[in-house]
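An overview of the molecular structure
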Amino acid sequence: MTTTLRPTAPERRTADGARRRPYDICVNGRPVGEVLLATDERSGPATGRLENLTVHEPDRRRGRATVAALAAEEVLRGWGCSRVEAGVPASAGPALRLAAALGYTERSRGMVKDLPPSPPAADGVLRPMTAAEYPAWLETCRTEYVRLWIAEGVPPERAERGVGRQYAALLPDGPETAGVALRVLVHGGADVGTLWLGPSPVPECEGWVYRVEVAAGHRGRGHGRTLMRGAERECAAAGWRTLGLNVFTDNVPALRLYESLGYRPAVHHLRKPLL
């Protein structure tokens, strides 16, 4: 039997070159599943995305998904992609095992926690960030995020534009943006860390920790835990019962902190070079 991909709609392209097209997974011309292929809107044409690969129940456990994934990689190579990324739910054990067998490795992990009605109090004072403090904080965030994008292979101009658009969308009114909490942790009379909390961009949770940062010279003293406890109380006060975040899996101290606080994996973000 021959497993192939068959387009089900015209390819869509955006002004900046991003591509997107859905396919049926077919066995001898018979649809048995579907997959969506795209290029990453952030990274540009060098990074392909394999999304929503699904094989229908009667045709599972026959190697269809493996062949479909390999065929999808060939399509992305034809698009000029040098790597492919995919997000796999933590509950999808077979998909995670398939990805590992095909050479995908984990880059980052989306984690979620179900919050009690009254989370424990934080050992410290979290005060609102002032309008005067906001510009310097924003510039630091933007600079670090642009640097991260560039390290991922995004051209500097594209990184600057992309980060600028994201921050403009997430913080249109700065510290006064509705639904957003920007907080500064005070300990012993000194500002030792910052927190950015807002509505979740993903369906797995209601609140999202966009950034938590302990100032250099104050790390290793439990302030990260205090900031996260503060985030949980802010989240509960907003009426959100689930809080999520994304952590790079090579950041072992942060990963251990979140696990110790009861955060569980929700989505594994995987990557593979297309040689």
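Report on the accompanying structure. Computed from a predicted model, the values in this text were never measured in an experiment.

1. Remarks on helix α4 (residues 156-170)
For α4, spanning 15 residues, the distance from its first C-alpha to its last is 21 Å, which sits close to the expected 21 Å at 1.5 Å a residue. What α4 keeps buried is the set Arg158, Ala159, Gly162, Val163, Gly164 and Tyr167. Where α4 is buried, its residues contact β4 (30-40), β5 (44-55), α3 (134-151) and β10 (190-199).

2. Some words on the layout of surface pockets
Its boundaries defined by the atoms lining it, the second largest pocket holds a volume of some 820 Å³. For the second largest pocket, the lining is made up of 30 residues, of which Leu53, Ala65, Pro94, Ala95 and Leu98 are closest to its centre. Those elements that provide at least two residues to the lining of the second largest pocket are β5, α1 (64-78), β6 (83-89), α2 (93-101) and β13 (264-273).

3. Here's the deal with the side chain of His268
Along the chain, the position of His268 falls in strand β13. A polar side-chain atom of His268 sits 2.6 Å from a polar atom in the side chain of Glu106. Leave out the neighbours within four places in its chain, and His268 touches Ala86, Gly87, Val88, Ala90, Leu96, Glu106, Ser108 and Arg109.

4. Quick notes on the environment of Ala68
Topologically, Ala68 is positioned in helix α1. The class of Ala68 is buried, set by a relative accessible area of 1%. In this structure, the C-alpha to C-alpha distance between Ala68 and Asp24, residues 44 residues apart in sequence, is 9.5 Å. Those residues within four positions of Ala68 in sequence are excluded, and the remaining contacts are Thr3, Leu5, Ile25 and Leu53.

5. Quick look at the packing of α3 against α4
Think of two packed helices as two axes; the pair is described by the angle between the axes and how far apart they sit. Between α3 and α4, whose axes approach to 9 Å, the crossing angle comes to 135°. Judged by the inter-axis angle, α3 sits oblique to α4. Here α3 and α4 pass one another in a crossing that is right-handed. Between α3, through Leu138, Cys141, Arg142, Tyr145, Val146, Trp149 and Ile150, and α4, the contact on the second element is made entirely by Pro156, Arg158, Ala159, Glu160, Gly162, Val163, Gly164, Gln166 and Tyr167.

The rules behind each value
Residues numbered from 1 in each chain as written. Predicted model: local features only at pLDDT ≥ 70, side-chain atom pairs only at ≥ 80, totals over all residues. Heavy atoms only, no water. Helix = DSSP H or I, 4+ residues; strand = E, 2+ residues; numbered from the N terminus. Expected span 1.5 Å × (residues − 1). Buried < 20%, exposed > 50% of the residue type's maximum accessible area, 1.4 Å probe, protein only. Contact = heavy atoms within 4.5 Å. 1 Å grid on protein atoms, 1.4 Å probe; cavity = no way out; pocket = protein on both sides within 12 Å on 5 of 7 lines; lining within 4 Å. Points joined across faces, edges and corners; volume = space filled by probe spheres on them. Polar contact = N/O pair within 3.5 Å; in protein donor to acceptor, adjacent residues only side chain to side chain. Axes fitted to C-alpha atoms, helices over the stretch in contact; angles between N-to-C directions. Parallel < 35°, antiparallel > 145°, perpendicular 65-115°, else oblique. Left-handed = near helix turned anticlockwise from the far one by under 90°.

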